[in-house]
Amino acid sequence: MLQVAWLIPLLPFIAFWVILFRGRRLPGEGAYVAIGALGLSGLLSLVILGQVMFGGRYQATMVWAMMGDRPLAVGYAVDPLTAVMLFVVTVVGSLIFIYSVGYMHADPRYPRFFAYLSLFAASMLLLVLANNFLVLYAGWELVGLCSYLLIGFWFERPAAARASMKAFVTTRVGDFFMFLGILLLFFTVGSLQFDAVFAAVQTGSLAGPLLTLAAVLIFGGAVGKSAQIPLHVWLPDAMEGPTPVSALIHAATMVAAGVYLVARTYALFFSSPDHLALTVVAYIGGLTALMAATIGIVQDDIKRVLAYSTISQLGYMMLGLGVLGYTAGVFHLMTHAFFKALLFLAAGSVIHAMNTNDIKEMGGLAKVMPVTYVTMLVGGLALAGVPPFAGFWSKDEILLEAYHHDRTLFYLGAAGAFVTAFYVFRMIFYTFTGSLRSHTAHPHESPQVMTVPLIVLAAFSGVIGLVGAPWPLVGNMFHRFVHFEAAEGAPFDLRFAALSTAIAGAGILAAAVVYRWQLVSSATLRRVLAPAYAVLVHKYWWDEFYAVSVVRPVVWVAQQLRTFDVYAIDGAVNAIGVVFVWLSRLYRVFDLYVVDGAVNLVGWLAKAAGGRLRHVQTGRAQNYLLVIALGVIVLAVIGLTR
Amino acid sequence: MQVGLTSYLIVAALLFCLGLYGVLTRRNAVAILMGIELMLNAANINLVAFNRFVAPAAVAGQVFALVIITLAACEAAVGLALVMAAYRSLETIQVDEINLMKW
Amino acid sequence: MGELAAFMILSLVTLIPAVVVVTSSNIVRAALSLVPTFLGVTGLYVMLQAEFVAGIQVLIYAGAITVLILFVIMLTEGGTGVRTRQLNDQVPLGAMAAVWLAFVLIVIFTRTGWPTAAGVLPAYNVVAVGNAFLSDYVLIFEVTSVVLLVSLVGAIVIARRED
């Protein structure tokens, strides 16, 4: 089965074209086709995951083009990391596809939504199957395109159109660095194959500052795609897209591509002198984790809370990878995909019921939406890191690695964990407890097509973490499956687990004090901590900073260029035009009087001559006969006189 | 004195020129046909005279003369039929008034 | 001497009515003047020992064609035509051409040395003509008969009154 892994991205890709051209004429207006294609890919992925578990590996490469004497190869490879990613993308993706049938019901562009989703799934699967930078980059840009299309899916709304543009342009900055990194690798190593690059790193032909530079440039792409500081600003705005998109692309899979990229090219980072590249990764991840989490506290939009949560959790993954916790980072990627998709879909269910995103208008929904409430609670516990839910096992592992590696990073991560628990339960308390604050809404439980995926995802969120738990006899199964030889994780520590559980519990308790039991009113807190609140509510002024430092100069330069264009270039073009118009007028005169005159003269001459000569034709046969007779006489006289 | 070939040829030439004059100057189509008959007779005199004086053993000249007489009869029949048709449609047989082919 | 006198008389009988034919303003007179002209020519044929041709000349020209012409005159203008102008405006040029052509022809005829042969004509002329028609000239004979048939049909079709 490993040989047919190329079918996995191909099926959704075919579905994309079929839906694009057949649209509403397909069963379920295209939804069934998309779900069917991705479902088949999911079955294939499961089979492949099983085979890889028992030692199956596969790699296929073919030369696509020659660049000078260097071959540009394309190909795919199946190894544990790829198998895990295939599993996560197809399973989470299938559930979100099914959920979309309910959520996008009656949307005017319903088939197109599924076409885009299918294209996204195909691109993402292509990305994770790639065995070289070329194919990976192709998939990378394709998922970026799908992200753009889906954020701007409701392009009638200016906010959505702006958000899609912002996302595209911001990630482009990261992609530019990544492209430079890929070029650097190509020109130093001479190949884009992962194997060849890693071999070059191993043999030392690529080492020193150049290696660090390459790794950091590649990481630039990951920063853009995974919304790390300083390129995180696009992800909260991306919540303008439909909620299933937020769940699939901007929480579960695409944004994790950055983490996947770092994990995939871990050899580059690991071999950089003094782990310098890894340190960069770790600090950016740690700072992102804490900063995004704190912003999450003050957000009132339910999806934005989750968006900042996503940024924060992606920061944890980077942190995990950066502190030599290769397995921990990848593990968190997987668990996060499940529980964050769950949280988003549950949030979507709430939005579907309330027709608003503002948690301040919600309240008491636990009674009317029990399934949504329970599943969201599971997701929240998983995110906060409460055992035995998924998030606990992975986050605990990351914090443990950080503790053994660098204390500063550990404190960042631990503070982030506390804040995480706080903001997620603030959101849950606001939404589901107390009483309804909006007077216009009539909430109701969502249809089964939406709740069933929630339940399935909740089940996954509950138990998926157990594959990374330190079982007796077999130990950490996930670690044995996915690991990086040189970066072995620290052993499980029960006291440490208790500590991280305590941090999570403290966060939940704090949230409950303020928002459940309301022992301390949130207004008081806002007043007391006014400066901190201002910082948070302005999101650390990142957007303002970019507006002043990037957007305004660019706009100013663009305006100057426009002025130059309007007056100098257009002026020159118009001047040339005017000159040619005058030349043409001159030539027109020449044409009219000289050329036309000559032509008309010839015509007039022929006409005049004809007018004279036609009188020869009298129409009287006797005239002709007379001429003939005279001619005979002349000929005869000539004959006689010779 | 024997009457020679040249005498007959001169008579034929004069007859031919008279016919030509008629053809060139008459307005009446029938009169023009009459001129043509004169010219044909002149040609026949030539043929028979040449037969008599140049190749008396053969009869080719007389055969040609007979053929020409036959064809002259045909010509007269068709020509006169044409004159009648023209008269019927144009109501004249004055050929200088029939100039539809004029410039 | 007798032969010369006969020739002169026959020539005058031929040419003088011919002048009347081309100059007379009376179209009927012109047509009737054709008869002595044709008879004069017949006499010349006899002098040239072409008896069969002479006989045919009398039958067809003097008889058939003249009558046909007279019929057409009656059917068209229906009169002698003396009230209408019979000559067109190129009489001087036409006369000049005719005179000049006659002059040139006579000059040519008198200057040319004709290869006259003093042979003897076949004893009975008509037999020789008949043999020639059905042996050496049979193709001409047949084609002429077809032309005769075609002109017969054509003349009827053209002259037919269209109803």
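Keep in mind that what you see is a predicted model, and the values were worked out from it rather than measured.

Asks: Tell me about the overall build of chain C, and please be specific about residues and values.
Replies: In terms of helices and strands, chain C carries 6 helices and 0 strands. Starting at the N terminus and ending at the C terminus, chain C contains elements arranged as α-α-α-α-α-α. The buried share of chain C, reckoned over its 163 residues, is 28%. By sequence separation, contacts in chain C at least 24 residues apart represent 58% of the contacts at least 6 residues apart.

Asks: Which residues make up the overall build of chain B, and what values go with them?
Replies: Scanning chain B from N- to C-terminus turns up 3 helices and 0 strands. Put simply, chain B runs from its N terminus to its C terminus through helices and strands in the order α-α-α. Counting only contacts in chain B whose residues sit at least 6 apart along the sequence, the fraction spanning at least 24 positions is 47%.

Asks: Give me the lowdown on the interface of chain B and chain A, citing residues and values where you can.
Replies: The accessible area lost on association of the parts is a frequent measure of interface size. Counting residues at the interface gives 10 residues for chain B, matched by 11 residues for chain A. Class assignment of the residues belonging to the side of chain B that touches chain A gives a composition of 7 nonpolar, 1 polar and 2 charged.

Asks: Account for the interface of chain C and chain B, with residues named and values stated.
Replies: On the chain B side, the residues contacting the 76 residues of chain C number 62 residues. The set of elements that each furnish at least two residues to the side of chain C that touches chain B consists of helix H1 (2-23), helix H2 (27-47), helix H3 (51-75), helix H4 (91-111), helix H5 (125-134) and helix H6 (138-159) of chain C. Take the side of chain C that touches chain B: its biggest share by element is 12 residues, from H3(C). Taken together, the residues of the side of chain C that touches chain B break down into 56 nonpolar, 17 polar and 3 charged.

Asks: Account for the packing of helix H2 (residues 29-53) of chain B against helix H3 (residues 60-90) of chain B, naming residues and giving values.
Replies: Residue and element names in this part refer to chain B. With their axes 9 Å apart at the nearest point, H2 and H3 run at an angle of 175° to one another. With respect to H3, the element H2 is oriented roughly antiparallel. Together, Ala29, Val30, Leu33, Glu37, Leu40, Ala43, Asn44, Leu47, Val48, Phe50 and Asn51 of H2 and Ala60, Gly61, Gln62, Phe64, Ala65, Ile68, Ile69, Ala72, Ala76, Gly79, Leu80 and Val83 of H3 make up the contact between the two elements. Taken together, the residues that form the contact of H2 with H3 break down as 17 nonpolar, 5 polar and 1 charged.

Asks: An account of the pairing of strand E2 (residues 70-78) of chain A is needed here, citing residue identities and associated values.
Replies: Residue and element names in this part refer to chain A. As paired elements, strand E1 (residues 58-67) and E2 share 9 bridges and run antiparallel to each other. Across the sheet, valine 63 pairs through a bridge with alanine 73, a residue of E2. Counted between consecutive antiparallel strands, the loop separating E1 from E2 contains 2 residues, among which glycine 68 sits at a positive phi close to 65°.

Asks: Explain the UniProt feature "transmembrane region" (unreviewed entry) in chain B to me, using residue names and the numbers behind them.
Replies: Residue and element names in this part refer to chain B. Per the UniProt record, "transmembrane region" (unreviewed entry) is annotated on residues 6-24, 31-51 and 63-87. As a span, residues 6-24 carries 100% helix and 0% strand, and end to end its C-alpha atoms are 26 Å apart. In the segment residues 63-87, helix accounts for 100% and strand for 0%; the C-alpha atoms at its two ends are 36 Å apart.

Asks: Could you give an account of the nonpolar core, with specific residues and numbers?
Replies: Core analysis: the largest hydrophobic core is formed by 203 residues, its most contacted members being Ala34(A), Val259(A), Val262(A) and Ala341(A). For this core, the leading source of residues is helix H15 (residues 326-354) of chain A, giving 18 residues. Ignoring anything within four residues of it in the chain, the contact list for Val262(A) reads Phe219(A), Ala222(A), Phe269(A), Val281(A), Met318(A) and Leu321(A). Counting 76 residues, the second largest nonpolar core, distinct from the first, contains Ala65(B), Val83(B), Ala31(C) and Leu101(C).

Asks: Explain the UniProt feature "transmembrane region" (unreviewed entry) in chain C to me, using residue names and the numbers behind them.
Replies: Residues and elements named next belong to chain C. Using the residue numbers shown here, the UniProt feature "transmembrane region" (unreviewed entry) corresponds to residues 6-23, 30-48, 54-76, 97-117 and 137-159. Overall, residues 6-23 shows 100% helix and 0% strand. The separation of its end C-alpha atoms is 26 Å. The straight-line gap between the two end C-alpha atoms of residues 30-48 is 27 Å; of that span, 95% is helix and 0% is strand.

Asks: Break down the packing of helix H4 (residues 110-129) of chain A against helix H5 (residues 133-151) of chain A for me, citing the residues and quoting the values.
Replies: Residues and elements named next belong to chain A. Their axes nearest at 8 Å, the elements H4 and H5 cross at an angle of 155°. On the basis of their axis angle, the class for H4 and H5 is roughly antiparallel. Pair H4 / H5 crosses with left-handed handedness. Seen from H4, the contacting residues are Tyr116, Leu119, Phe120, Ser123, Met124, Leu126 and Leu127; seen from H5, they are Val135, Leu136, Ala138, Gly139, Trp140, Leu142, Val143, Cys146, Leu149 and Leu150. Looking at the contact of H4 with H5, its residues break down into 15 nonpolar, 2 polar and no charged.

Asks: Give me the lowdown on helix H6 (residues 158-189) of chain A, citing residues and values where you can.
Replies: Residue and element names in this part refer to chain A. For H6, with 32 residues, the first-to-last C-alpha span of 46 Å sits near the 46 Å given by 1.5 Å per residue. If you check which residues of H6 are buried, you get Ala160, Ala163, Ser164, Lys166, Ala167, Thr170, Thr171, Gly174, Met178, Gly181, Ile182 and Leu185. Of the surrounding secondary structure, the elements contacted by the buried residues of H6 are H5, helix H7 (194-203), helix H8 (208-225) and helix H9 (234-237). After H6 finishes, the residue glycine 190 shows a positive phi value of roughly 90°.

Asks: Please set out the confidence of the model for chain B residue by residue, giving values where relevant.
Replies: Segments scoring low in pLDDT should not have their predicted coordinates read at a detailed level. Within chain B, residue pLDDT values average 88, and 97% of them lie at 70 or more. When mean pLDDT is compared element by element in chain B, helix H1 (residues 5-25) of chain B scores highest at 93, while H3(B) scores lowest at 90.

Asks: Tell me what's going on with unusual backbone geometry, and back it up with residues and numbers.
Replies: Residues and elements named next belong to chain A. Geometrically, the link from isoleucine 229 to proline 230 is a cis peptide bond, its omega value of 5° lying close to zero. When you line up the elements, proline 230 lands in the loop between H8 and H9. A cis amide bond links proline 387 with the next residue in sequence, proline 388, at an omega value of 5°. Among the secondary structure elements, proline 388 is positioned in the loop between helix H17 (370-384) and helix H18 (390-405). Residues other than glycine seldom take positive phi values, yet alanine 227 does so here, at roughly 55°. Following the sequence through the fold, alanine 227 ends up in the loop between H8 and H9. Notably, histidine 275 is not glycine yet its phi reads approximately 55°, a positive angle. The residue histidine 275 is located in the loop between helix H12 (266-271) and helix H13 (276-297) in this model.

Asks: Could you give an account of the environment of Asp69(A), with specific residues and numbers?
Replies: Looking at where Asp69(A) falls in the secondary structure, it is placed in the loop between E1 and E2. Assessed through the 6 C-beta atoms surrounding it within 10 Å, Asp69(A) is described here as exposed.

Asks: Go over helix H3 (residues 80-103) of chain A, please, and point to the residues and values.
Replies: With 24 residues, H3(A) extends 34 Å between its outermost C-alpha atoms, agreeing within 8% with the 34 Å of an ideal straight helix rising 1.5 Å per residue. Among the 24 residues of H3(A), 21 are classified as buried, and the element is accordingly described as predominantly covered.

Asks: Tell me about the environment of Val127(C), and name the residues and values.
Replies: Residue and element names in this part refer to chain C. As for its position among the elements, valine 127 is in helix H5. Its 12 C-beta neighbours within 10 Å are what place valine 127 among the exposed residues. Distance from valine 127 to phenylalanine 52, taken between C-alpha atoms, is 9.7 Å for residues 75 residues apart in sequence.

Asks: Please give an account of the environment of Ala98(C) that cites residues and values.
Replies: In this structure, Ala98(C) sits in helix H4. Using a count of 24 C-beta atoms within 10 Å as the deciding quantity, one classes Ala98(C) as buried. Non-local contacts of Ala98(C), meaning those with residues more than four positions away in its chain, are made with Cys17(B), Leu20(B) and Tyr21(B).

Each value, and the rule that gives it
Residues numbered from 1 in each chain as written. Chains lettered and ligands numbered in written order. Predicted model: local features only at pLDDT ≥ 70, side-chain atom pairs only at ≥ 80, totals over all residues. Helix = DSSP H or I, 4+ residues; strand = E, 2+ residues; numbered from the N terminus. Buried ≥ 20, exposed ≤ 12 C-beta atoms within 10 Å, placed from the backbone. Contact = placed C-beta atoms within 7 Å. Nonpolar A, V, L, I, M, F, W, Y, C, P; charged D, E, K, R; others polar. Axes fitted to C-alpha atoms, helices over the stretch in contact; angles between N-to-C directions. Parallel < 35°, antiparallel > 145°, perpendicular 65-115°, else oblique. Pairing = 2+ DSSP bridges. UniProt positions renumbered as here; feature names shortened; annotations may be inferred. Core = buried A, V, L, I, M, F, W, Y, C linked by C-beta atoms within 7 Å. Left-handed = near helix turned anticlockwise from the far one by under 90°. Expected span 1.5 Å × (residues − 1). pLDDT = per-residue confidence, 0-100.

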